[in-house]
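An overview of the molecular structure
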Amino acid sequence: MSKQEESNLSEEEYLRKHIEGLESNKPSNTQNFQQPEVKVDNSRASDLHYFAFDVKEFPCGVFYPAGSTIQVRAAQVKEIQAYSMVDDNNFYDIVEKMNDMLSSCVRIKYLDGTIGSYMEIRDPDRYYLIFLIRELTFQKGSSLTTTATCECGQEVSIELKRDNFKLFEPSDRILSFFDAISTSFRFEVKNGKVFNLAPPTIGLQKSFTEYIVKENAEKKKPNLSFLKIIPFLLYDRTSITIDGIKSKLEEYQKIDDISFQFLNAAVEKMTFGIEKLRKQCQCGLESHTDMIFPDGPSAIFVVHDAFEQFIKE
Ligand SMILES: [Zn+2]
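Residues numbered from 1 in each chain as written. Predicted model: local features only at pLDDT ≥ 70, side-chain atom pairs only at ≥ 80, totals over all residues. Heavy atoms only, no water.

Now for the sheet that holds strand β1 (residues 51-54). Hydrogen bonding along the main chain pairs the strands of a sheet, whether they run parallel or antiparallel. One open sheet accounts for 4 strands, arranged β1-β2-β3-β4; its pairing is antiparallel. Single-partner strands in this sheet number two, and they are β1 and β4 (115-117). Strand after strand, the sheet turns through a mean of 30 degrees between neighbouring axes, direction not considered. Direction of pairing for strand β3 (residues 106-109) relative to β4: antiparallel, over a ladder of 3 bridges. If you follow K109 over to β4, its bridge partner there is I115. Set on the sheet, helix α4 (residues 91-105) makes contact with β2 (69-72) and β3; between it and β3 the angle comes to about 50 degrees. Its contacts with the sheet place helix α5 (residues 126-137) against β1, β2 and β3, and it is angled at close to 50 degrees to β2. (Pairing = 2+ DSSP bridges. Helix = DSSP H or I, 4+ residues; strand = E, 2+ residues; numbered from the N terminus. Axes fitted to C-alpha atoms, helices over the stretch in contact; angles between N-to-C directions. Contact = heavy atoms within 4.5 Å.)

In structure tokens:
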């Protein structure tokens, strides 16, 4: 994207980019990080029916402390009711409704037994979790599908579920800078600076979204370069105040040239999340399609054609 295009981005476009940037990734050499063996209990756990998933399964798995599990439960009717009213044309509303759903159905349990909220989940894991909640909620079917055209000409129907997700994979080059202690990338730069970067948490992104909405209400143009880079540097936080963001912006504007150029390039190598949908065609080739929401984000928790499906005649 050129500078010109970036400066023309409105707040809504920024949010759209944010939620569409199906960020996340699954490093191919996860085993190198020496994660301890995690016991995953997939039996129905307690009255809340949370299922435990090893963090290694998630696109941002390496960024959680080793041995953590992400606990997820099916959505209840009242949560589906609230979600079903999402405005598909309002990106702020989509992010909010998804966060409400995650807030109800997702938590993280660390190795020492402490429990954290969805705010501590990495932002690029958001879609993966939404589809995981969907799978747990509609265990008896109600699939959401899209189609891809295979190179052989055949139309392939691909269900939106975890098995069919192709995750972004960071290059081995970038992975070589991963620091397992801080669960972030650690870069020493030739100007003497050291930077730790990782995908931000959902909590931190919520703070930034509030800041953007506030700035927009005051008719101020957000500094998009700042918004692109700084959340990665604040990877170990789950919130920041508006004043905190303003003081970070002041610091950011005084950053030296090399640091800016380096950070700008490093952040671009940190795409995590769901890249594509994929499925093997009958001909043997793998067909791909972009990650999309058939019928919009509101349809994720709404049974397709429920009238015909449930009417008794
Ligand atoms: Zn084919």
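With that settled, the discussion passes to helix α10 (residues 257-268). Relative to the 16 Å expected for 12 residues at 1.5 Å per residue, α10 spans 17 Å between its end C-alpha atoms, a close match to the ideal helical length. Of all the residues in α10, the buried ones are S259, L263, N264, A266 and V267. Taken end-on, α10 shows its buried residues confined to a sector of 165 degrees, consistent with a single buried face. Residues of α10 that are exposed and point more than 90 degrees away from the buried face comprise D257, Q261 and E268. Summarising the contacts, the buried residues of α10 are in contact with β9 (184-188), β10 (194-197) and α8 (224-233). (Expected span 1.5 Å × (residues − 1). Buried < 20%, exposed > 50% of the residue type's maximum accessible area, 1.4 Å probe, protein only. Arc of directions from axis to C-beta.)

This next bit is on the packing of aromatic side chains. Summed over all chains, the structure comprises 15 aromatic pairs. Centroid distance F187 to F262: 5.4 Å. Interplanar angle 70 degrees. Geometry classified as edge-to-face. Pair noted here: F187 is in strand β9 and F262 is in helix α10, with a separation of 75 residues, a long-range link. A residue is classified by how much of its surface remains accessible, and F262, at 26% relative accessible area, is partly exposed. Pairwise contacts between aromatic rings join F63, F177, F178, F185, F187, F262 and F272 into one cluster. Over the face of the ring belonging to Y50 we find R107, whose NZ or CZ atom lies 3.9 Å from the ring centre. (Phe/Tyr/Trp six-rings, centres within 6.5 Å; stacked < 30°, edge-to-face > 60°. Lys NZ or Arg CZ within 6 Å of the ring centre and 35° of its normal.)

So, on to the coordination of the zinc ion. In an ideal octahedron of six donors the angles at the metal are 90 or 180 degrees, and in an ideal tetrahedron of four donors they are 109.5 degrees. The zinc ion binds to the protein through C150 (SG), C152 (SG), C281 (SG) and C283 (SG); the donor distances cover 2.3 Å. For the zinc ion, the 4 donor atoms in the first shell make angles of 106 to 113 degrees at the metal, a pattern classed as tetrahedral. Sequence spacing of the donor residues for the zinc ion, all on one chain, is C-x1-C-x128-C-x1-C. (Donors = N, O, S within 2.8 Å, 3.2 Å for Na, K, Ca; no water. Tetrahedral: all angles 85-135°; square planar, octahedral: opposite > 155°, others 65-115°.)

Once that is clear, we can look at the side chain of T201. Relative to the helices and strands, T201 is located in the loop between β10 and α7 (202-217). A polar contact of 2.8 Å, which involves the side chain of T201, links it to the backbone oxygen of R237. Discounting chain neighbours no more than four positions away, the residues touching T201 are M119, E120, I121, R122, D123, Y235, R237 and T238. (Polar contact = N/O pair within 3.5 Å; in protein donor to acceptor, adjacent residues only side chain to side chain.)

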